[in-house]
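Read off the chains here:
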Amino acid sequence: MTGVVGVSVDAGDVVETAYRTGYKGRQYATLRIGNALGLDVADASPEVLREIAAAAEELAAWAEARDAAAEVPNQVAAEGGVRTIGVPYQRDRRAA
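A brief report on the enclosed structure follows. Quick caveat, the model's predicted, so the values are computed rather than measured.

A count of helices and strands for the protein gives one helix and three strands. Going from N to C terminus, the protein has its helices and strands arranged as β-β-β-α. Looking at the protein residue by residue over its 96 residues, the buried ones come to 5%. Counting only contacts in the protein whose residues sit at least 6 apart along the sequence, the fraction spanning at least 24 positions is 7%. A total of about 8,900 Å² of accessible surface is found on the protein, and carbon and sulfur atoms cover 55% of it.

For the largest pocket, the calculated volume is near 670 Å³. Taken together, 19 residues make up the lining of the largest pocket; nearest its centre are V9, V15, L31, I33 and L37. At four residues, the largest contribution of residues to the lining of the largest pocket is made by strand β2 (residues 27-33). Split by residue class, the lining of the largest pocket holds 14 nonpolar, three polar and two charged. Approximately 280 Å³ is the volume found for the second largest pocket. Looking at the lining of the second largest pocket, its residues break down into eight nonpolar, no polar and one charged.

Counting buried residues in strand β1 (residues 15-21) gives zero out of seven residues, a small share hidden from the surface. Here β1 pairs with β2 via seven bridges, running antiparallel. Among the inter-strand pairings, V15 is bridged to a residue of β2, identified as I33. Between the end of β1 and the start of β2, which pair antiparallel, lie five residues, with K24 showing a positive phi angle near 55°.

Glancing now at the pattern of salt bridges. Close approach of charged atoms lets side chains of opposite charge pair. Taken as a whole and assessed by the stated rule, the structure comprises two salt bridges. Between D43 and R26 there is a salt bridge, and its shortest N-O distance comes to 2.6 Å. In this pair, D43 sits in the loop between β3 (37-40) and α1 (46-79) while R26 sits in the loop between β1 and β2, placing the two residues 17 residues apart along the sequence. Classification of D43 as exposed rests on a relative accessible area of 66%. With a closest N to O distance of 3.0 Å, R66 and D67 form a salt bridge. For R66, a relative accessible area of 42% corresponds to the partly exposed category.

Rules of the game
- Residues numbered from 1 in each chain as written.
- Predicted model: local features only at pLDDT ≥ 70, side-chain atom pairs only at ≥ 80, totals over all residues.
- Heavy atoms only, no water.
- Helix = DSSP H or I, 4+ residues; strand = E, 2+ residues; numbered from the N terminus.
- Buried < 20%, exposed > 50% of the residue type's maximum accessible area, 1.4 Å probe, protein only.
- Contact = heavy atoms within 4.5 Å.
- Areas by Shrake-Rupley, 256 points an atom, 1.4 Å probe, with all protein chains shown as cover.
- 1 Å grid on protein atoms, 1.4 Å probe; cavity = no way out; pocket = protein on both sides within 12 Å on 5 of 7 lines; lining within 4 Å.
- Points joined across faces, edges and corners; volume = space filled by probe spheres on them.
- Nonpolar A, V, L, I, M, F, W, Y, C, P; charged D, E, K, R; others polar.
- Pairing = 2+ DSSP bridges.
- Salt bridge = Lys/Arg side-chain N within 4 Å of Asp/Glu carboxyl O.

Here it is as structure tokens:
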């Protein structure tokens, strides 16, 4: 398969490896990500598997930086003695 596949991975999705024995005892390995995605790695070289692991680590670092950046406004406000105040929002059919 060639192309791009979009799959949403949620925080509660289980990431695991699955192994099975097929025809004439051939071993199959799959990286399972939730119920939506399985990556067959039976014929992947160790180098490719390490590249996948490195890419996952890079994504983890990106997610940590994203989450830390989202906390900055709250931290700045807390240091200045300001609390976040919610403003009620009401939908209206009229244009602004």
